[in-house]
Amino acid sequence: MTPLRPLTLADWRAAYAAGARPASLLADRLASLRLHSPREAWIHLATDAELATQLQALAARADGLDAAARAAALPLYGVPFAVKDNIHIEGVVTTAACPAFAEVAPRTAAAVQKLVDAGAVWLGKTNLDQFATGLVGARSPYGRPSSTFDATRVSGGSSSGSAVVVARGDVPFALGTDTAGSGRVPAGFNNLVGVKPTPGRVSTAGVVPACRSLDCVSIFALTVADGAELLALMEGDDAADPFTGDVPAGPARWPQRLTLGVPREVLLTGPGYDAAWGRACAQAEALGHRLLPLDFTPLYDVAALLYDGPWVAERHAVVQPLLDERPETLDPAVRAVVAQAARFSATDAFRGRYRLQALARQAATLWQQVDALLVPTAPAHPTHAEVDADPLGANAQLGRWTNFVNLLGWCALALPAGFNEAELPFGITVIGPGGHDAALARFGSTWQAALALPLGATGRACDATVPARWPQAAPTMPIAVVGAHLAGLPLNGQLIERGATLAEATTTAPHYRLYALPGTVPPKPGLQLVADGGAAVAVEVWDMPVDAVGSFLALIPPPLGLGSLQLADGRWVHGFVCEAHALAGAEDITRHGGWRAYLAARSAAA
C-alpha cells in the first residue's frame, strides 16, 4: 500500500508506481508547506507558476516512456527537494541570507541541474547563516530556525532550513553546503543523515562561495540509502568548477571489521551527551569494530587555521564590497568573523598554506593506524539564549570535530546515534580519507540498519533499504578464494594489504572437486572443474582494486593460478584453480564441502 505521506525516495517512487501524478502530489505538498512548514526555515517557496513550469518540463521528458524507461531516464521522477539559498536556481533570487546581496540567478547550479535532469522538482530555497558563516543557524534576517526536537535550541547551521524541512518530512532531501561542518552539525541536531562529500567530488559551480577552495555541496536525507544515491547522481567532473576532477578513487567498501580512531579526550557539554557517546561507542564495538583512542591535536591545529588563520580571507573575497560600502547590511556576528581578514597579509596566506601542508602530512599518518575516524558530530547543543549571550563563543565550540575535514580534503558522513533522556537527538560522524565516499555510505547503511532509529522528527521507523546506485569507487575485480586466502587464514593478509574487501561468502556451482595438495606451506587446496560427480565448494569472493591484481598474481606459486570459476548463482568470476597434473596423488576432500571444514575435521582427528 502506498504511504499517505511519502518520506523517502522509495516512498515517492511507490506513490507514482501506484498511479499518483506529480502535478497532484506536488501541488498538494507545496500547499501544505505554505500552511504548516515553519516560515523561518524558508527564504523562498516556489510560486504556482514556478512549479507549473517545472511540471511541464518534466511531463515533456517523460512523455512516451514506459515505467522501466522512465525509471532509467528519470530516477528522481517527481521527487521534491529544497535548496539552500546560497545555491543558484536560474531566474530565482539568491540571497545568501543577505537582502542587500540578493540577485536573480543567471543560471542553475551544476548540482541542482543534475537533480533536475534526473526528474527532481525543487519546492523552495531554505534559510541559512548569512553567507554560510556559522554553525548555529541563527545568523539570518529571515528568522532563526530551531531544532525540530526543541524550539528553545538552535537548528544548527549554516544549512539550517535545509535540515529542518527534511527532518519534518516536508521534503525527502535538501541540499546544503559544508565548509566547516554546515552539512553535519544540523544533521546531528535534527536526527538526520548528513552527506559531506570529498571536496571536488560535486561541482560547486553556481554556489555563492564561503571558502571557495574548501566548499562542498552537502545532502540532508532521512536515510543513508537516499543520501548515497543522490551523491551518485550529483558527483562528477565539471569544467565550470576547477576544483573538481582531482578526487582520489577510494574503495567501494571497507572490511567488515574496522579500526576506528576516536578522540583520546572527549569534552562534551551537551545534555546527556557523555552517556550518548558511550552508547555510540558500544554500538560500534557491537558491530565488530575496534576503537583506538588517538591524539587529535594535529587535527585541532588544522581546524584552527580555518577561522584563526588566513582562510578567513576567502570569506572576505565574497563580501568585501558590502563590508566596505554597507557594513550595516551584514549580520553583526558574520561581520565580526569576516572583518578578521584585515589582520592577514598575502605573506600570512602563504605561511598558512605551508603550515597546513606540514599538518596534513602529519594527519595522513593516522590512516596507517585506523580505517576511519569516529567522533561526536558536535560537543554541545546550545539554546537560542546561549547563542544570544555569546554569539561567537557558542558557535565556535560546535566545529571541534568538523572544521579540519575539508582543509584536509577528507569526506564525512553524519549519522543519527540515539537520543538522550530529554528525547534530544545525538549524532556521530564517521570521517574517511578523500575518495572514500562509497565506503562511508556502506558503513552508514549498516549503522542505520542496526540502530533502526526513527526517521528525522517524523516518528516513522527506519526501513532497511539499499540505494539504487552507490557513489563511484575505484574499479575492482571479484576474486574467489578457496583455501589459505580465506578470511582469518594464513594468506588472507595478501588480500587485505592490497585493499581487497570481502563481498560475500558463497559456494561454487556443483561442478567441482576439492583436493588437499601435498607438501604446500602453508597447506593449500586445489580446485578442479569436473564433467560429472562434482559438488558445491565453499568460497569467499573478495573485491580487489584492479590496479593491485598484478602484484597479487605475482605472489601465486604454481601449480595454482587465477582462472575462471562458476558460482552457485551462475556467475563466472576469477578465482583460484589448480593445474591438473598437481592433483595426482592429492587427497580428495570434496566431502567436507570446503577448506575450513576440512581443516576443522583434521584438527579434531589430531
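This text gives an overview of the structure that appears in the document. This is a predicted model, so every value here is computed, not measured.

Calculation rules
- Residues numbered from 1 in each chain as written.
- Predicted model: local features only at pLDDT ≥ 70, side-chain atom pairs only at ≥ 80, totals over all residues.
- Heavy atoms only, no water.
- Helix = DSSP H or I, 4+ residues; strand = E, 2+ residues; numbered from the N terminus.
- Rg over C-alpha atoms; globule rule 2.2 N^0.38 Å.
- Buried < 20%, exposed > 50% of the residue type's maximum accessible area, 1.4 Å probe, protein only.
- Contact = heavy atoms within 4.5 Å.
- Areas by Shrake-Rupley, 256 points an atom, 1.4 Å probe, with all protein chains shown as cover.
- Lys, Arg positive; Asp, Glu negative; His and termini not counted.
- Charge placed at Lys NZ, Arg CZ, Asp CG, Glu CD.
- Axes fitted to C-alpha atoms, helices over the stretch in contact; angles between N-to-C directions.
- Parallel < 35°, antiparallel > 145°, perpendicular 65-115°, else oblique.
- Left-handed = near helix turned anticlockwise from the far one by under 90°.
- Nonpolar A, V, L, I, M, F, W, Y, C, P; charged D, E, K, R; others polar.
- Salt bridge = Lys/Arg side-chain N within 4 Å of Asp/Glu carboxyl O.
- Core = buried A, V, L, I, M, F, W, Y, C linked by side-chain atoms within 4.5 Å.
- Polar contact = N/O pair within 3.5 Å; in protein donor to acceptor, adjacent residues only side chain to side chain.
- Pairing = 2+ DSSP bridges.

Scanning the protein chain from terminus to terminus reveals 20 helices and 23 strands. Computed over its C-alpha atoms, the radius of gyration of the protein chain comes to 27 Å, within 12% of the 25 Å expected for a compact globule of 606 residues. Taken over the C-alpha atoms alone, the protein chain extends approximately 90 × 60 × 50 Å along its principal axes. Relative to its 606 residues, the protein chain shows a buried fraction of 58%. Considering only intrachain contacts with a sequence separation of at least 6, the fraction spanning at least 24 residues in the protein chain is 75%. In the form shown here, the protein chain has an accessible surface area of approximately 23500 Å², with 55% of it arising from carbon and sulfur atoms. Measuring between centres, the 44 positive side-chain charges of the protein chain sit 2 Å from its 53 negative side-chain charges.

This part is about the packing of helix α8 (residues 224-234) against helix α17 (residues 437-451). Packed helix pairs are specified by the crossing angle of their axes together with the interaxial distance, meaning the distance between the axes. Running from N to C, α8 and α17 point in directions that differ by 165°, and their axes come no closer than 9 Å. The orientation of α8 relative to α17 falls into the category roughly antiparallel. Between α8 and α17 the crossing geometry is left-handed. Taken together, the residues of α17 that come into contact with α8 (itself represented by Val224, Ala228 and Leu231) are Asp437, Ala441, Gly444, Ser445 and Gln448. Grouping the amino acids of the contact of α8 with α17 by side-chain chemistry returns four nonpolar, three polar and one charged.

Summarising the element assignment, Ala249 is placed in the loop between α8 and β11 (259-263). Taking the C-alpha atoms as reference points, Ala249 and Ala487, separated by 238 residues in sequence, lie 25 Å from one another. Apart from residues lying up to four places away in sequence, Ala249 is in contact with Gly435 and Ala474.

Here we take up the pattern of salt bridges. Per the stated rule, a full pass over the model turns up 22 salt bridges. Linking Asp178 and Arg184 is a salt bridge whose minimum nitrogen-to-oxygen distance equals 2.8 Å. For Arg184, a relative accessible area of 0% gives the class buried. Through salt bridges with shared partners, a single network forms among Arg5, Arg168 and Asp170.

Where helix α2 (residues 22-36) contacts helix α3 (residues 48-62), the two axes come as close as 11 Å, and the packing angle between them is 155°. If you check the angle between α2 and α3, you find them roughly antiparallel. Between α2 and α3 lies a crossing of right-handed hand. Between α2 and α3, the residues in contact are Pro22, Ala23, Leu26, Ala27, Leu30 and Arg34 and Asp48, Leu51, Leu55 and Leu58, respectively. Considering only residue class, the contact of α2 with α3 consists of eight nonpolar, no polar and two charged.

What follows concerns the environment of Ala474. Its place among the elements puts Ala474 in the loop between α17 and β16 (476-481). Note on Ala474: relative accessible area 19%, which makes it buried. Apart from the residues within four sequence positions on either side, Ala474 is in contact with Ala249 and Gly250.

Let's shift gears to the nonpolar core. If you look at the biggest cluster of nonpolar residues, it comprises 132 residues, and the most contacted ones within it are Phe404, Trp410 and Ile428. With near-sequence residues (within four places) excluded, Phe404 lies in contact with Phe296, Leu299, Val302, Ala303, Trp410 and Ile431. Residues Tyr512, Met544, Phe576 and Leu583 belong to the second largest nonpolar core, which totals 36 residues.

Relative to the elements of secondary structure, Glu229 occurs in helix α8. Looking at Glu229, the relative accessible area reads 2%, which means it is buried. Polar side-chain contacts of Glu229 include one of 2.5 Å to the side chain of Arg13. Look past the residues within four positions of Glu229 in its chain and what remains in contact with it is Leu9, Arg13, Pro75, Pro467, Ala468 and Arg469.

Looking now at the sheet that holds strand β8 (residues 173-178). With respect to topology, 11 strands assemble into an open sheet ordered β1-β5-β2-β8-β10-β9-β14-β15-β13-β11-β12, the strand pairing being mixed. Strand pairing shows two members of the sheet lacking a second neighbour, β1 (42-45) and β12 (290-294), which therefore form its edges. Across the sheet, the axes of successive neighbouring strands diverge by a mean angle of 25°, strand direction being ignored. Here strand β2 (residues 80-84) pairs with β8 via three bridges, running parallel. Residue pairing in the sheet places Phe81 in a bridge with Phe173 of β8. The sheet contacts of α3 involve β1 and β5 (121-126), and relative to β5 the element is tilted by about 150°. Across the sheet, helix α9 (residues 273-286) lies against β11, β12, β13 (372-376), β14 (411-419) and β15 (425-432), angled at about 50° from β15, the strand it touches most.

So, on to the pairing of strand β21 (residues 560-566). Most of β21 sits out of view: five of its seven residues are buried. Where β21 meets strand β22 (residues 572-578), seven bridges bridge the pair, whose relative direction is antiparallel. Pairing of Gln566 across the sheet is with Trp572, part of β22. Where β21 hands over to β22, the hairpin turn is made up of five residues, of which Gly570 adopts a positive phi near 100°.

Mapped onto the secondary structure, Ala449 falls in helix α17. A relative accessible area of 44% places Ala449 in the partly exposed class. Sequence separation between Ala449 and Ala187 is 262 residues; the distance between their C-alpha atoms is 17 Å.

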